[in-house]
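Here's the letter readout for the chains.
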Amino acid sequence: MKEYWTSLASLLGVLAFCQSIVSSIFPPELRYAILKLTGRLFSLFSSYVYFDITEIDGVNTNELYNAVQLYLSSSVSISGTRLSLTRAVNSSAVTFGLANNDSIADSFNGAAVLWEHVVTQRHSQTFSWRPLPDEKRGFTLRIRKNDKSLILDSYLDYIMERAAEIRRKNQDRLLYTNSRGGSLDARGHPWESVPFKHPSTFETLAMDPAKKLEIMRDLRDFAEGQEFYQRTGRAWKRGYLLYGPPGTGKSSMIAAMANFLGYDIYDLELTEVHNNSELRKLLMKTSSKSIIVIEDIDCSINLGNRKKSCSNGGNRGGSSSFYEAAAAAEMRGGGGGGSDESGNSITLSGLLNFTDGLWSCCGSERIFVFTTNHVEKLDPALLRSGRMDMHIFMSYCSFPALKILLKNYLGVEEPNAAGVWNEIEAVIDKAEMTPADVSEVLIKNRRDKDKAVAELLEILKVRAATRGGIGRRYEAVEEEQEKRAVEESKEGEAADEFSGEQSEEEEEDDKKKIK
Ligand SMILES: Nc1ncnc2c1ncn2[C@@H]1O[C@H](COP(=O)(O)OP(=O)(O)OP(=O)(O)O)[C@@H](O)[C@H]1O
Ligand SMILES: [Mg+2]
């Protein structure tokens, strides 16, 4: 053994001696040429090609490096011997990464590749306005020569896409608001944002399971439908109208949609927007993969402040009231130029353009959600397919919905007392309780499950006896109004050109009403 170490030491000594002779005999240029030649010879006989992706390219950060790091963090699957962990600002997820000088195998389209994370010390720096990090980091990608053309471009594109996806998923969702009106912040943004942490999901949402599944499928189809929208020449956007009595889960549904798709939410407060061009600017500053929400559209479209318009709107029946409001607004705004006493001159046509005009296509993969308690007041033009593609009625608590609430709030799959289930089923539809009301009863008694169920049954019975039929009538009216609205919208595009095409008689009529 001792002999072995002695001979190894002497061999190393000889090598070092030779190297010092070579470097003292040959000038640097020649040395460089020799190295290059040996490198070429080596690569000629090697069946692999290598690509270096350095962290810093010149003075700029290399996007590809960050993307590869993120991509590998998703495929590492805890099998690497040493992993580095990171948690980005504004993120609630931890990502794994390759530690220094570690390597990992991957495959793409059947071709095997190897990634190595190379970290070396940077030599002493000369003065620079932007000092570089002490360590030089990079990834080396090793692929077979034969696979080079087959995978390189598409593999790197795939990595960039996956990285963007991971980044979005790791990032907390944001909730944007335009509460500042149309004014811009220091960075020129009209939207303010806060982290969006609403816990509502499709699991916690109490509604008919079949309807829920249909909505989830629709959302998924939309999110995965880039190629479809491209092929059919449609803008990549979709509109949902959520309507129904207060407390039936319209806002919760929006939160569930955002959590399901991982989209940001832009909560558009129409009463804060002063005119159509401001509306357009707001739209242009929304990002893709987002949900643009206008809550209580029947109140905010009336162009005045919400309370005023709601109190006016409360007694009005039929869709004509909506026309009156919009017509009045058109006149007040003089087609978008003027303003009412609150300085607000958004017109119906402005809103329609916002959702369906050419401007709505700047950016892609966006969902518009309007909510209302009074679908009958909405303009048919707003309801037509293409603007509001899916109309979702959020109804009073049904029996299947109640089961979901009981499971979520009490962990109860079946009530203990025999026969309670049947009793509840018999009265629930008649009682017309909103899921919000049911939740209250369950929360209040959540420590005592049997008491909660018993009290709920009591309330349901009382309600069924006193309220019978109001809700069904509501539903019937809603359906009737919706049918009428769809028929009217089919009659022509007249509603689209609504802004400028009123007869003189109608205008006179509107003026009288405003007075
Ligand atoms: N379908 C539902 N599933 C689960 N929880 C619900 C549902 N509907 C209402 N809730 C509960 O009731 C509360 C109010 O619901 P939400 O704000 O979503 O109702 P809404 O339909 O938007 O009412 P509004 O028309 O007044 O805006 C929520 O905090 C939620 O916990
Ligand atoms: Mg709501």
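Residues numbered from 1 in each chain as written. Chains lettered and ligands numbered in written order. Predicted model: local features only at pLDDT ≥ 70, side-chain atom pairs only at ≥ 80, totals over all residues. Heavy atoms only, no water.

A.B. asks: Before we move on, could you go through the overall build of the protein chain and cite the residues and values that matter?
C.D. replies: Helices and strands together make up the secondary structure of the protein chain, namely 19 helices and 15 strands. Among the 515 residues that make up the protein chain, the fraction classed as buried is 40%. (Helix = DSSP H or I, 4+ residues; strand = E, 2+ residues; numbered from the N terminus. Buried < 20%, exposed > 50% of the residue type's maximum accessible area, 1.4 Å probe, protein only.)

A.B. asks: Run through the site of ligand 1, naming residues and quoting values.
C.D. replies: Residues in close proximity to ligand 1 total 15 residues, the closest being Ala206, Gly247, Lys250, Ser251 and Ser252. A distance of 3.0 Å is found between an oxygen atom of ligand 1 and a backbone nitrogen or oxygen belonging to Gly249. Here Lys250 contributes a side-chain N or O atom positioned 2.8 Å from an oxygen atom of ligand 1. For ligand 1, the protein covers 71% of the area, taking 620 Å² as the surface of the free molecule. Of all the elements in the fold, those that place two or more residues in the shell around ligand 1 are helix 7 (250–261), helix 14 (399–410) and helix 16 (435–444). With three residues, helix 7 is the single largest residue contributor to the shell around ligand 1. In the shell around ligand 1, the residues fall into seven nonpolar, seven polar and one charged. (Near = heavy atom within 4 Å. Polar contact = N/O pair within 3.5 Å; in protein donor to acceptor, adjacent residues only side chain to side chain. Areas by Shrake-Rupley, 256 points an atom, 1.4 Å probe, with all protein chains shown as cover. Nonpolar A, V, L, I, M, F, W, Y, C, P; charged D, E, K, R; others polar.)

A.B. asks: Break down the pairing of strand 12 (residues 264–267) for me, citing the residues and quoting the values.
C.D. replies: Sheet topology note: the strand 9 (residues 174–177)/strand 12 ladder contains three bridges and is parallel. Each bridged residue has a counterpart across the sheet, and for Leu175 the counterpart in strand 12 is Ile265. Where strand 12 meets strand 13 (residues 290–294), four bridges bridge the pair, whose relative direction is parallel. If you follow Tyr266 over to strand 13, its bridge partner there is Ile292. (Pairing = 2+ DSSP bridges.)

A.B. asks: Can you break down the packing of aromatic side chains residue by residue, with the values?
C.D. replies: Two numbers describe a pair of aromatic rings. These are the distance of the centres and the angle of the planes. Counted under the stated rule, the structure contains 15 aromatic pairs. Seen in terms of ring centroids, Tyr71 and Tyr155 are 6.3 Å apart; in terms of plane orientation they differ by 85°. Their pairing is edge-to-face. Placement of Tyr71 in helix 3 (residues 63–75) and of Tyr155 in helix 4 (residues 148–170) is noted, with a sequence separation of 84 residues between them. Pair check on accessibility: Tyr71 and Tyr155 agree, each one buried. (Phe/Tyr/Trp six-rings, centres within 6.5 Å; stacked < 30°, edge-to-face > 60°.)

A.B. asks: Please set out helix 16 residue by residue, giving values where relevant.
C.D. replies: Looking only at helix 16, the buried set comprises Pro435, Val438, Ser439, Val441 and Leu442. In an axial view of helix 16, the angular spread of the buried residues amounts to 160°, which keeps them on one side of the axis. Along helix 16, exposed side chains directed more than 90 degrees from the buried face belong to Glu440 and Lys444. Contacts from the buried residues of helix 16 go to helix 14 and helix 17 (449–467). (Arc of directions from axis to C-beta. Contact = heavy atoms within 4.5 Å.)

A.B. asks: Hey, could you go over unusual backbone geometry for me, with residue numbers and the actual values?
C.D. replies: The backbone phi angle of Asn109 is positive, close to 50°, even though this residue is not glycine. Topologically, Asn109 is positioned in the loop between strand 6 (103–108) and strand 7 (111–121). Exposure remark for Asn109: the relative accessible area of 58% places this residue in the exposed category.

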